[in-house]
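Listed here are the chains, written in short residue letters.
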Amino acid sequence: MRAVILAGGFGRRLAPLTNEVPKPLVPVAGKPILVWQIEWLKRQGVTDIVLAVGYLRHKIFEALGDGRKYGVRLFYSVEEEPLGTGGAIKNAAPYISDDVFIALNGDIITDIDTRPLAAALEKADAAIALVPLRSPYGVVEVDGEGRVMAFREKPVLEHYINAGVYAIRKEALRDLPDRGNIEETLFPKLAQQGRLRAVVYKDAFWRSIDTHKDLEEVEKMLKTGPGGGP
């Protein structure tokens, strides 16, 4: 399979870091986010990777080149203006040759196994990875009489969120918008038709890097060594 990495965003919440460097190139524990992603995909046998680029794309060209130094082949799909996640994937269609491909947001670091996602397409046109929702705040447990029983620091909640990693059939590209987000266009349509599946990853490492606080927390996790990250 090929993979499409959505690497064209502005990353405004990480400014001023992203004033001169595109968000997917922001270093985390010594490596740009994109390099973490490329190495993760390569470990799963995905060596043809399409980068959907826009903002400061020349920096990505210069940093990664053709991918040879990472043992992969990189292709570039250029957005002259923001197209949204759905439009960006559709714009990359000329580079997608396989019947099934992986798509992912360019601001996550994870070690999830994409094979179950591809397997879920047996009776669907797309599958999304779900991960547990972690509270951004500490939680206070209180009994029925108002007594504080315990404090739980940022617990995992009994809900699942979209991990931003997908397996998609090539034929579904025709249903993508020229401009718009996949989460608001294709996925609701497929869900209504019973053609969307979900794969739950309860114990995988997954973090999205949206803010400076996220960046600090993920760096600490990745620097702890085995068990701290991918």
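Residues numbered from 1 in each chain as written. Predicted model: local features only at pLDDT ≥ 70, side-chain atom pairs only at ≥ 80, totals over all residues. Heavy atoms only, no water.

Per an unreviewed UniProt entry, the protein chain goes by the name Nucleotidyl transferase and belongs to Pyrobaculum neutrophilum.

## Details of the UniProt feature "domain: Nucleotidyl transferase" (unreviewed entry) in the protein chain
Residues annotated in UniProt with the feature "domain: Nucleotidyl transferase" (unreviewed entry) correspond here to residues 3-222. From the first C-alpha to the last, residues 3-222 spans 24 Å; its make-up is 25% helix and 32% strand. (UniProt positions renumbered as here; feature names shortened; annotations may be inferred. Helix = DSSP H or I, 4+ residues; strand = E, 2+ residues; numbered from the N terminus.)

## Topic: the environment of Leu 173
Summarising the element assignment, Leu 173 is placed in the loop between β11 (156-169) and α6 (186-192). Taking C-alpha positions, Leu 173 is 6.0 Å from Lys 90, a pair spaced 83 residues apart along the chain. Once you skip the residues sitting within four places of it in the chain, Leu 173 turns out to touch Ile 89, Lys 90, Ala 93, Ile 96 and Phe 101. (Contact = heavy atoms within 4.5 Å.)

## Focus: the pattern of salt bridges
Summed over all chains, the structure comprises 16 salt bridges. Of the charged contacts, one joins Lys 31 and Glu 39 as a salt bridge, the two residues approaching to 2.6 Å between their closest N and O atoms. Classification of Lys 31 as partly exposed rests on a relative accessible area of 24%. One salt bridge in this structure joins Arg 179 and Glu 81, with 2.9 Å as the shortest N-O distance. In this pair, Arg 179 is assigned in the loop between β11 and α6 and Glu 81 in the loop between β5 (73-78) and α4 (84-91), connecting sequence segments 98 residues apart. (Salt bridge = Lys/Arg side-chain N within 4 Å of Asp/Glu carboxyl O. Buried < 20%, exposed > 50% of the residue type's maximum accessible area, 1.4 Å probe, protein only.)

## Here we look at unusual backbone geometry
Residues other than glycine predominantly adopt negative phi, and peptide bonds predominantly adopt the trans conformation. With omega at 5 degrees, the peptide bond leading from Ala 15 into Pro 16 counts as cis. Of note, Pro 16 is situated in the loop between β1 (2-7) and α1 (17-20). Although it is not a glycine, Ala 29 adopts a positive phi angle of roughly 50 degrees. With respect to the secondary-structure elements, Ala 29 resides in the loop between β2 (27-28) and β3 (31-32). The backbone phi angle of Leu 56 is positive, close to 50 degrees, even though this residue is not glycine. If you trace the backbone, Leu 56 turns up in the loop between β4 (48-53) and α3 (57-64).

## Regarding the pairing of β11
Of the pairings in the sheet, the one linking strand β6 (residues 100-105) to β11 comprises five bridges and is antiparallel in character. Bridge pairing links Val 100 to Arg 169 in β11. As judged from the seven bridges shared by strand β8 (residues 126-134) and β11, these two strands associate in the antiparallel manner. Residue pairing for β11: Ala 126 is matched across the bridge by Ile 168. (Pairing = 2+ DSSP bridges.)

## What to know about the sheet that holds β8
Reading across from one edge, β5-β4-β1-β6-β11-β8-β12 is the order of the seven strands in this open sheet, with mixed pairing throughout. Across the chains shown, the open sheet's two edge strands, defined by having one partner strand only, are β5 and β12 (196-200). For this sheet, the mean inter-axis angle between neighbouring strands, taken without regard to orientation, is 30 degrees. Along the sheet, α3 makes contact with β1, β4 and β5, crossing β5 at roughly 170 degrees. (Axes fitted to C-alpha atoms, helices over the stretch in contact; angles between N-to-C directions.)

## Overview of the nonpolar core
Counting 35 residues, the largest nonpolar core has Ile 49, Leu 51, Ile 60, Leu 64 and Val 165 as its most contacted members. Every element with two or more residues in this core is listed here: β1, α2 (33-43), β4, α3, β5, β6, β8 and β11. No other element matches the five residues that α2 contributes to this core. Apart from the residues within four sequence positions on either side, Leu 64 is in contact with Leu 34, Val 35, Ile 38, Leu 51, Lys 69, Tyr 70, Leu 74 and Tyr 76. Residues Phe 75, Ala 88, Leu 130 and Leu 186 belong to the second largest nonpolar core, which totals 23 residues. (Core = buried A, V, L, I, M, F, W, Y, C linked by side-chain atoms within 4.5 Å.)

## A short note on a nonpolar patch on the surface
Taken together, Val 140, Val 142, Val 148 and Phe 151 make up a surface patch of nonpolar side chains, about 400 Å² in accessible area. At the level of elements, β9 (139-142) and β10 (148-152) are the ones that each hand at least two residues to the nonpolar patch. Tracing the sequence through the fold places Val 140 in strand β9. (Patch = residues over 30% accessible without salt bridge, like charges linked within 9 Å, V, L, I, M, F, W, Y side chains within 5 Å. Areas by Shrake-Rupley, 256 points an atom, 1.4 Å probe, with all protein chains shown as cover.)

## Focus on the packing of aromatic side chains
Going through the model one piece at a time under the given rule, you end up with four aromatic pairs. Their ring planes at 85 degrees and their centres at 4.8 Å tell us that Phe 61 and Tyr 76 sit as a pair that is edge-to-face. Residue Phe 61 is located in helix α3, and its partner Tyr 76 is located in strand β5; the two are separated by 15 residues in the primary sequence. Take Phe 61: its relative accessible area is 31%, and that puts it in the partly exposed class. The exposure class of Tyr 76 is buried, given its relative accessible area of 18%. Measuring from centroid to centroid gives 4.9 Å for Tyr 166 and Phe 187, while their planes differ by 70 degrees, and the two rings are edge-to-face. Linking Tyr 166 in strand β11 with Phe 187 in helix α6, this pair joins segments that are 21 residues apart in sequence. (Phe/Tyr/Trp six-rings, centres within 6.5 Å; stacked < 30°, edge-to-face > 60°.)

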